[in-house]
Amino acid sequence: MDADVIIVGSGPAGSYLAYNLAQNDINVLILEKDPWPRYKACGGALSGKTINLLYNDGVHLPDSLIENSIGDFTFRFGYKKTFYFEYPGQEIKLVNRKKFDNYLLKQAYKARADFRDNEKVTDIKISNEKVIVESDKNSYRTSIVVGADGANSKTAQILKLFPEDINKNKGMAIESEIYINNTNYQKQNEIIIDFDFIKEGYAWVFPKKNQLSVGLGTYEFRDNNIKEKLFDYLQKLNISYEKDKLFYRGHPIPAAGFDASNIKIAGKRFILIGDAAFLADPFVGEGIYNACLSAKIAAKNIIKSLDENKYDLISYQKEVKGKLYPQLMISEKLAHWFYSNPAVFQRILSMKPALLDNFMEVIQGKSSYSRLFNLAKSNFVSLVMDKL
């Protein structure tokens, strides 16, 4: 075999899995289609639970990688109502995704994982004895192939793992990086989240060391005006720009949910992890934590499979569905309720601003979507009763 495991894609999921496998003396090869390092469109916000997951595995992010640490937030509802919130717990860490992803890959490489960039996978053939992975440059033999190649996963497409209606669970986002020195922007230690600016989603401002990450995300996948909405949002923020010189990129949001639950994320000699497995949080659109957590679960199941020479990895799918999906399904329910009724939630927050504490506790991994949903639901009932 050319490698015990071949991982397609070197984002956080792929690199973190490679790190965990290589730490256990498993021969790993990562194939990345883009020249490395590459730009990744993403706000680059790391929650406390993500930081802690990495730290507990020996991946300690250096201070130089953290571009800002922020605990102050402004939540806006269409400029009609604004909530200011200072979270007393662990601050959100902001990173440049190009540097962050490269750092994780370097940890895998230090653990002796092999890596080849600018190499596109063109075919995958799975038999009882092995997996053949064909690229535009080479042919490889492996025991297990892992798709860590994002929402438009080539691995999943080749193996026909996506249901035909998978686009129902795809949102879309657009993000721009703007140098702070070129703006008059003042709120450099505050995260801004704007609801009701775009349907079925929100706009954001993440201030980093030298740049602002400004973007919008929506679950209306066929919203063809998202670029114009980005330009409008920059104007709302009084940030001047030249449209033909503005750097921005779009990307899909592969949200978990009932439709995405039909994806076959594991089977004989294959696994999908991270965005390829559609594990992004349906409420906030964040995917890094579940990407890393799914990689951690995958590593355990792959190691067991190799030790026992048994290559049906369905145990990984069962574990992901058992550990991640219960809360992700509630997140999806909350997302549908919230984004369909932002005005209602604005009134609920006016009555119970402490819900923002509960929301941040969920994001930081100190509480659950179950508890947040029940709190929101009980306050919704109170709001209705007050009207009677």
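Presented here is an overview of the structure given in this document. All values reported here derive from a predicted model rather than from experimental measurement.

Procedures and definitions
- Residues numbered from 1 in each chain as written.
- Predicted model: local features only at pLDDT ≥ 70, side-chain atom pairs only at ≥ 80, totals over all residues.
- Heavy atoms only, no water.
- Salt bridge = Lys/Arg side-chain N within 4 Å of Asp/Glu carboxyl O.
- Helix = DSSP H or I, 4+ residues; strand = E, 2+ residues; numbered from the N terminus.
- Buried < 20%, exposed > 50% of the residue type's maximum accessible area, 1.4 Å probe, protein only.
- Core = buried A, V, L, I, M, F, W, Y, C linked by side-chain atoms within 4.5 Å.
- Contact = heavy atoms within 4.5 Å.
- Pairing = 2+ DSSP bridges.
- Axes fitted to C-alpha atoms, helices over the stretch in contact; angles between N-to-C directions.

What follows is about the pattern of salt bridges. Applying the stated criterion across every chain yields a total of 13 salt bridges. Glu308 is paired through a salt bridge with Lys304; the nearest N and O atoms lie 3.1 Å apart. One end of the pair is Glu308 and the other is Lys304, both in helix α6 (residues 288-308) and four residues apart, which spans about a single turn. Residue Lys304 is classed as partly exposed on the basis of its relative accessible area of 49%. Members of the salt-bridge network, linked through shared partners, are Arg38, Arg97 and Asp101.

Counting 82 residues, the largest nonpolar core has Leu17, Leu61, Ile273 and Ile302 as its most contacted members. For this core, the element with the most residues is α6, which contributes twelve residues. Residues within four places of Ile273 in sequence aside, it is in contact with Ala13, Gly14, Leu17, Val146, Gly147, Ala148, Ser294, Ala295, Ala298 and Tyr316. In this structure, Phe85, Ile193, Leu334 and Ile348 belong to the second largest nonpolar core, which totals 39 residues.

To continue, consider the sheet that holds strand β5 (residues 72-77). Ordered by their spatial adjacency, seven strands build an open sheet running β6-β5-β13-β14-β15-β12-β16, and the pairing between neighbours is mixed. Only two strands of the sheet have a single neighbouring strand rather than two, namely β6 (81-86) and β16 (248-254). Strand-to-strand twist across the sheet, computed as the mean angle between neighbouring axes with direction ignored, equals 15 degrees. In the sheet, strand β12 (residues 170-179) pairs with β16 via seven bridges, with the strands oriented antiparallel. Bridge pairing in β16 places Ala173 opposite His251.

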